[in-house]
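Next come the chains, spelled out residue by residue.
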Amino acid sequence: MIQKPDWYFGRYRPTFRQNILEEIFMIIIGEKINGTIPVVKKAIEARDVAFIQKRAIDQAEAGASFIDVCASVDAEREKEVLTWLINIVQDVTDVPLAIDSPNEDLLAEIYTLAKRPGLFNSVNEEGTKCETIFPLMTGNEWEVIGLTCDKEHGIPMDVETKVDIAKRIIDKGAKYGVEPHRIHIDPAVMALATAPEAMKNFEQCIMKIKQYAPTVKITGAISNISYEMPVRKIINQACMTMAIRAGLDSAIMDPLDREMMSMIYAAEALSGKDKSGRKYNMAYRKGKIGPIKK
């Protein structure tokens, strides 16, 4: 039997968020600076510094753990645009960045612009992304999102294949000294409209990946599940509460969504993560949840 390292059993140094008593446990990856969003695309083209910086400040004040910066422009311009975004966001907030690009070579080149360790978004098993990014994480506090897709299956539908890919990513990380608590596995939430078992699939992925590596973080773009469904926010909120109970650790979402943030506080209290609802009550007293106080 192979001896598992300490990180399999949860013995690791707590992250900075675990020392903030009033914060939710959920790690929020703020999604509002992304060139796929029409108003952000317009701001990027106009080099509207004030618009981008306001989005960064608003997300930071709302409780974002990381602020995602994604250019979503053609390959020829991506380095220049992403450099611009990184610099102007860091001018107004100390919240760590999630540097977002499908180009692992660009991530490897540009991450040094970050003033503090952040989050690589992302790696997978489709090519050599793990082999490119993981060595950059040796001996520091950078974290990474690992997508459960590979060259053979693309984005698989079944739980077992997703879990197998997750295990391979986690094991590759270990070879480079990247502990599971620095890896956010994204099991690729599917749309309920086309995959009736989407929520069950997501919950099973969370639990089975956690069984393999208890300290690994599970993340996801929760809003994927409601695609082509009416009143999408209701589906998203229900998904979030069920996923938290299953063990969800982080989410790529809008931290300014007051209803969703309220749902997270409530779900953490009901699931026992927030003992006696202490954080929930504190959030209410500070006006973070409940009716907006005039």
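Residue positions are given per chain, counting from 1 as you read along its sequence in written order. Only residues with pLDDT of at least 70 get local features here, since the model is predicted, and only at 80 or more are side-chain atom pairs given and counted; chain-wide, interface and lining totals rely on the full set of residues. Only hydrogens and water are set aside when side-chain values are computed; all heavy atoms of the structure are taken into account.

Draft legend 1. Examining the packing of helix 2 (residues 49-62) against helix 3 (residues 75-90) more closely. What counts as an axis is a line fitted to C-alpha atoms, over the stretch in contact for a helix, and the angles between N-to-C directions run from 0 to 180 degrees. By definition, any uninterrupted DSSP run of H or I lasting at least four residues is a helix, any uninterrupted run of E lasting at least two residues is a strand, and each is numbered from the N terminus. The contact between helix 2 and helix 3 brings their axes to 9 Å, and the two run at 60°. Considering their axes alone, helix 2 and helix 3 lie oblique with respect to each other. As helix 2 runs across helix 3, the sense of the crossing is right-handed. Every residue of helix 3 that contacts helix 2 at Val49, Ile52, Gln53 and Ala56 is listed here: Trp84, Leu85, Ile88 and Val89. Considering only residue class, the contact of helix 2 with helix 3 consists of seven nonpolar, one polar and no charged. Every angle not falling under 35 degrees, over 145, or within 65 to 115 is termed oblique; those three ranges are roughly parallel, roughly antiparallel and roughly perpendicular. Working rule for handedness: look at the near helix, and if it is turned counterclockwise from the far one by less than a right angle, call the crossing left-handed; if clockwise, right-handed. Residues are treated as being in contact if the distance between any of their heavy atoms lies within 4.5 Å. Residue polarity follows a fixed list, in which Ala, Val, Leu, Ile, Met, Phe, Trp, Tyr, Cys and Pro are nonpolar, Asp, Glu, Lys and Arg are charged, and the others, Gly among them, are polar.

Draft legend 2. Expanded view of the nonpolar core. What is meant by a nonpolar core is a set of buried Ala, Val, Leu, Ile, Met, Phe, Trp, Tyr and Cys residues, joined one to another through side-chain atoms within 4.5 Å. Accessibility here uses a 1.4 Å probe with only protein chains present; expressed as a share of the type maximum, an area under 20% marks a residue as buried, one over 50% as exposed, and anything in between as partly exposed. Counting residues in each nonpolar core, the largest one holds 77 residues, and the members touching the most others are Ile99, Met240 and Ile264. Not counting the four nearest positions on each side in its chain, Ile99 is found in contact with Val69, Leu82, Ile86, Leu107, Ile110, Tyr111, Ala114, Leu119, Phe120, Asn121 and Trp142. Listed in part, the seven residues of the second largest apolar core include Ile29, Phe66, Ala98 and Ile252.

Draft legend 3. Inspection of the side chain of Asp100 at higher detail. Along the chain, Asp100 turns up in strand 3 (residues 97-100). One buried charged side chain, Asp100, makes no salt bridge at all; its nearest oppositely charged neighbour is Lys129, positioned 8.6 Å away. Beyond its immediate chain neighbours, meaning those up to four positions away, Asp100 contacts Asn34, Asp68, Val69, Cys70, Ala71, Glu78, Leu82, Leu107 and Asn121. Only four residue types enter the tally: Lys and Arg on the positive side, Asp and Glu on the negative side; His and the chain ends are excluded. Take a side-chain nitrogen of Lys or Arg and a carboxyl oxygen of Asp or Glu: if they are within 4 Å of each other, that pair is a salt bridge.

Draft legend 4. Region of interest: the pattern of salt bridges. For the structure on display, the rule yields 16 salt bridges. The partner of Asp254 in a salt bridge is Lys32, and the shortest N-O contact between them spans 3.7 Å. With a gap of 222 residues between them, Asp254 in the loop between strand 8 (250-253) and helix 9 (258-271) and Lys32 in the loop between strand 1 (27-30) and helix 1 (38-46) connect regions that are remote in the sequence. Take Lys32: its relative accessible area is 17%, and that puts it in the buried class. For the salt bridge of Lys210 with Asp249, the shortest nitrogen-to-oxygen distance reads 2.6 Å. Taken as a pair, Lys210 in helix 7 (residues 198-212) and Asp249 in the loop between helix 8 (232-246) and strand 8 lie far apart in primary sequence, 39 residues in all. An identical accessibility class is assigned to Lys210 and Asp249; each is buried. The network of salt bridges with shared partners includes Glu125, Glu131, Asp150, Asp164, Arg168 and Lys172.

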